[in-house]
Amino acid sequence: MLAGMVIPVFLLSSASSSSGTGQAITSKGQGKAGNFLEQDIKKNLAGWNGILFHCRFNETSNRAAKKICEKTQATAASLAGESKIPFTNAPSGPGSTLPGKADDALLLEVEVMGTQTGSSAAICAHTTGYALYSDAVEASLTKQERRGKAMPRSGELLVWRQSVIGTVSGNPNALVKGISEGVEQHLKDFFADYLRAQR
């Protein structure tokens, strides 16, 4: 029996599971159960013209991370098809990035990161919904109140996020099933929130 340990990713609303094979999986979201209020999620997910998805992993990730990305791409495409949501699966892989223009689609990204030191391995996957802005200001404030926020800013607006991490003492391939299932549940949560926001 291989020895595993749980590494908590976030403190709020954590859900853990173990496969009994020496691996430990911890999952945490900033969706409905996290820092975002439900009404904020609905407002942030409403009005988009579909979803532009991609999965990426760093070049130093082990082969297990690539397998997780492949499973994740298939899961996202399937969920979008079942939900009849306009969906584009962007190229994925090591260091891949989303296209600069998303044609008013919400960006949905799964980032898989893996590491291995000696006999221990860990994989973390972040599922993130976000939008790119190039000229954003805080519209709810007056010019006097904005101060630094009065100047248009560019960057990413995070609207939804959940994460899962797993550790194992041994082959990182043992984490593929548990991490993939964690990401699949996060994608199901995201698509459910997205659909509710369109009503």
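Quick caveat: nothing in here was measured; it's all calculated off a predicted structure.

Q: Before we move on, can you summarise the side chain of Thr128 with the specific residues and values?
A: Assignment of secondary structure puts Thr128 in strand S7 (residues 120–136). Within the structure, the side chain of Thr128 is placed 3.2 Å from the side chain of Arg161, a separation counted as a polar contact. The residues contacting Thr128, other than those within four sequence positions of it, are Leu107, Leu108, Glu109, Leu158, Trp160 and Arg161.

Q: Outline the state of the cysteines, supporting the account with residue identities and numerical values.
A: Counted under the stated rule, the structure contains 1 disulfide. Note that Cys55 is cross-linked by a disulfide to Cys69, the S-S spacing being 1.9 Å. The disulfide joining Cys55 to Cys69 has a torsion of about -95° about its S-S bond and is therefore left-handed. Of the two residues, Cys55 is situated in strand S3 (residues 51–57) and Cys69 in helix H2 (residues 63–83); the sequence distance between them amounts to 14 residues. Assessed through its relative accessible area of 0%, Cys55 is described here as buried.

Q: Before we move on, could you go through the environment of Pro172 and cite the residues and values that matter?
A: Mapped onto the fold, Pro172 is located in the loop between strand S8 (153–169) and helix H4 (176–197). Residue Pro172 is classed as buried on the basis of its relative accessible area of 8%. Not counting residues up to four positions away in its chain, the partners in contact with Pro172 are Asn62, Ala64, Gln116, Ala121 and Ile123.

Q: Go over the nonpolar core, please, and point to the residues and values.
A: Residues Val112 and Phe190 are the most contacted members of the largest nonpolar core, which totals 34 residues. The set of elements that each furnish at least two residues to this core consists of helix H1 (38–45), S3, H2, strand S6 (106–117), S7, S8 and H4. With residues up to four places along the chain from it excluded, the contact list for Phe190 reads Leu45, Ile51, Leu106, Leu108, Gly129 and Trp160. Counting 5 residues, the second largest nonpolar core, distinct from the first, contains Leu52, Ala90, Ala105 and Leu107.

Q: Please set out the packing of H1 against H4 residue by residue, giving values where relevant.
A: In helix packing, the relevant descriptors are the interaxial angle and the interaxial distance, both defined with respect to the helix axes. It is the contact of H1 with H4, at a shortest axis distance of 8 Å, that shows an interaxial angle of 75°. By the angle between their directions, the pair H1 and H4 is classed as roughly perpendicular. Each of Ile41, Lys42 and Leu45 in H1 lies in contact with H4, whose residues at this interface are Phe190, Asp193, Tyr194, Arg196 and Ala197. For the contact of H1 with H4, the class distribution of residues is 5 nonpolar, no polar and 3 charged.

Q: Give a detailed account of unusual backbone geometry, specifying residues and quantitative values.
A: Of note in the backbone geometry, Lys84 takes a positive phi value of approximately 60° without being a glycine. Locating Lys84 in the fold gives a position in the loop between H2 and strand S4 (87–89).

Q: Kindly report on the pattern of salt bridges, identifying the contributing residues and their values.
A: Considering all chains together, one arrives at 5 salt bridges under this definition. As a salt-bridge pair, Glu109 and Arg56 come within 3.3 Å of each other at their nearest N and O atoms. Linking Glu109 in strand S6 with Arg56 in strand S3, this pair joins segments that are 53 residues apart in sequence. Of the charged contacts, one joins Arg56 and Glu111 as a salt bridge, the two residues approaching to 3.5 Å between their closest N and O atoms. Highlighted residues: Arg56 in strand S3 and Glu111 in strand S6, separated in sequence by 55 residues. Put simply, Arg56, Glu109 and Glu111 are held in one network by salt bridges that share partners.

Basis of the calculations
Residues numbered from 1 in each chain as written. Predicted model: local features only at pLDDT ≥ 70, side-chain atom pairs only at ≥ 80, totals over all residues. Heavy atoms only, no water. Helix = DSSP H or I, 4+ residues; strand = E, 2+ residues; numbered from the N terminus. Polar contact = N/O pair within 3.5 Å; in protein donor to acceptor, adjacent residues only side chain to side chain. Contact = heavy atoms within 4.5 Å. Disulfide = S-S within 2.5 Å. Buried < 20%, exposed > 50% of the residue type's maximum accessible area, 1.4 Å probe, protein only. Core = buried A, V, L, I, M, F, W, Y, C linked by side-chain atoms within 4.5 Å. Axes fitted to C-alpha atoms, helices over the stretch in contact; angles between N-to-C directions. Parallel < 35°, antiparallel > 145°, perpendicular 65-115°, else oblique. Nonpolar A, V, L, I, M, F, W, Y, C, P; charged D, E, K, R; others polar. Salt bridge = Lys/Arg side-chain N within 4 Å of Asp/Glu carboxyl O.

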